[in-house]
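Spelled out, the chains give:
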Amino acid sequence: MHILDRPIWSALTTRQEGLAEVNGPARRFPPEMAPFADLKDFSPDAYSALHGLLRAGEPAVLFTPEPVSPPPQQFRILMAAFGEQMIGTPADVRSPPPLVALTDADAPAMRELAQIANPGPFGSRTHEMGSFLGIKIQGRLAAMTGERLTPGPYTEMTAVCVHPDFRGRGYAQALLAAVARGILARGEIPFLHVFSDNAAAIALYKRQGMTVRRRLHVTVLGRAGDSFKGSMPH
């Protein structure tokens, strides 16, 4: 199996092992960073271990090559979808706008932009998972993109966000190209994930030179009996 076939497990057992919350065969990221989790195998013991890692109302998001079947007495499936895993180096943009490195001081603005653009789960510590670049217009954070999972020699590009007031200016393309250059400069390989039904984003990434590597199952699990408010993380 390729290391990217289980990107969450691979990240939590390689370069991001130090971030892992571990309970036997189950691992997850701190929930304020990301709701991602995975299992060494999909045995009853492994599911029990994952159940033990979750607190009330906390979901677990899995990226797996095959569908998962958790014990119904322990979990319910809150969402089951498909995601495309894309790999490659986005093309550079002519005359890109000025980009800035985002810091802890930008974290509130980053979370606000993520709530508006809804690129996927973005918690209070997501920005600590890697480098993030942004575009600021008159002091406003207009767009951002950064890094998240780091399985082995690969680094995931994530949180491709553009505020509605600033769309259509090529900001997403410029940020993706810049983040990819930073990844390549470290001798790593950029990749990303996108929901399979997000045709516009997939078309954008393909135009920039990225290709679909494979399709993954995206499953959101919740503990049986817990209540979950709002939209599910994705």
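What counts, and where the lines are drawn
- Throughout this document, residue positions are counted from 1 along each chain, in the order its sequence is written.
- The predicted nature of this model means local features are confined to residues of pLDDT at least 70 and side-chain atom pairs, given and counted, to a pLDDT of 80 or more, with totals for whole chains, interfaces and linings taken over all residues.
- With hydrogens and water set aside, each side-chain value is computed from the structure's full complement of heavy atoms.
- For two strands to be treated as a pair, DSSP must find no fewer than two bridges joining them.
- Only runs of H or I of at least four residues qualify as helices and only runs of E of at least two qualify as strands under DSSP, and these elements are numbered from the N terminus.
- What makes two residues a contact is simply this: any of their non-hydrogen atoms within 4.5 Å.
- Helix axes are fitted only over the stretch in contact, all axes being lines through C-alpha atoms; the angle between N-to-C directions runs from 0 to 180 degrees.
- Accessibility here uses a 1.4 Å probe with only protein chains present; expressed as a share of the type maximum, an area under 20% marks a residue as buried, one over 50% as exposed, and anything in between as partly exposed.
- With the strands aimed away from the viewer, a crossover counts as right-handed if its path from the first strand over the helix to the second runs clockwise.
- Every definition here rests on a 1 Å grid over the protein atoms only: cavities are sets of points where a 1.4 Å probe fits but cannot get out, pockets are open sets enclosed by protein on both sides within 12 Å along at least five of seven lines, and lining residues have some atom within 4 Å of a point.
- Grid points are joined across faces, edges and corners, and a volume is the space filled by probe spheres set on the points.
- The definition of a nonpolar core used throughout is a set of buried Ala, Val, Leu, Ile, Met, Phe, Trp, Tyr and Cys residues joined through side-chain atoms within 4.5 Å.

A. Expanded view of the sheet that holds strand S7 (residues 132-137). With mixed pairing, eight strands are arranged side by side in an open sheet as S4-S11-S5-S10-S9-S8-S7-S6. Two strands in the sheet have a free side with no partner beyond their single neighbour: strand S4 (60-64) and strand S6 (100-101). Relative to strand S9 (residues 154-162), strand S8 (residues 140-147) is paired through four bridges, and the arrangement is antiparallel. Following the sheet pairing, Met-144 is matched in S9 by Cys-161. Those strands touched by helix H5 (residues 199-207) are strand S5 (75-87), S9, strand S10 (189-195) and strand S11 (211-223), and its axis lies near 160° from that of S10.

B. The arrangement of the pairing of S10 in detail. Counting buried positions along S10 yields five of seven residues, so the element is predominantly enclosed. With five bridges connecting them, S5 and S10 associate as antiparallel partners. Directly across from Gly-83, in S10, lies its bridge partner Phe-195. Of the strand pairs in this sheet, S9 and S10 are connected by three bridges, and their pairing is parallel. Residue pairing for S10: Thr-155 is matched across the bridge by Pro-190. Each parallel crossover has a hand, and the one from S9 via helix H4 (residues 171-185) to S10 is right-handed.

C. Seen up close, the layout of surface pockets. By volume, the largest pocket amounts to about 840 Å³. Around the largest pocket sit 39 residues that line it, and Pro-119, Val-160, Asn-198, Ala-201 and Tyr-205 are the ones nearest its centre. Elements with a minimum of two residues in the lining of the largest pocket: S4, S5, S9, H4, S10, H5 and S11. Residue contributions to the lining of the largest pocket peak at seven residues, all from S9.

D. Inspection of the nonpolar core at higher detail. Core analysis: the largest hydrophobic core is formed by 21 residues, its most contacted members being Met-86, Met-157, Tyr-171, Leu-192, Val-194 and Tyr-205. Contributing elements (two or more residues each) for this core: S8, S9, H4, S10 and H5. If one sorts the elements of this core by residue count, H4 sits on top with seven residues. In this view, Met-86 contacts Phe-191, Leu-192, Val-194, Ile-202, Tyr-205, Lys-206, Met-210, Thr-211, Val-212 and Arg-213; residues no more than four positions away in its chain are not counted.

E. Region of interest: the pairing of S4. For S4, the buried fraction is high: five of the five residues fall into the buried class. Here S4 shows no split at all, with Ala-60, Leu-62 and Thr-64 on one side and Val-61 and Phe-63 on the other all buried. Across five bridges, S4 lies against S11 in antiparallel orientation. Across the sheet, Phe-63 pairs through a bridge with Val-218, a residue of S11.

F. Representation of unusual backbone geometry in the model. Here the phi dihedral of Asn-118 falls at roughly 55°; this positive angle occurs in a residue that is not glycine. With respect to the helices, strands and loops of the structure, Asn-118 is situated in the loop between helix H3 (107-117) and S7. Take Asn-118: its relative accessible area is 43%, and that puts it in the partly exposed class. Positioned with a positive phi, Ala-159 is a non-glycine residue whose angle comes to about 55°. Considering the arrangement of structural elements, one finds Ala-159 in strand S9.

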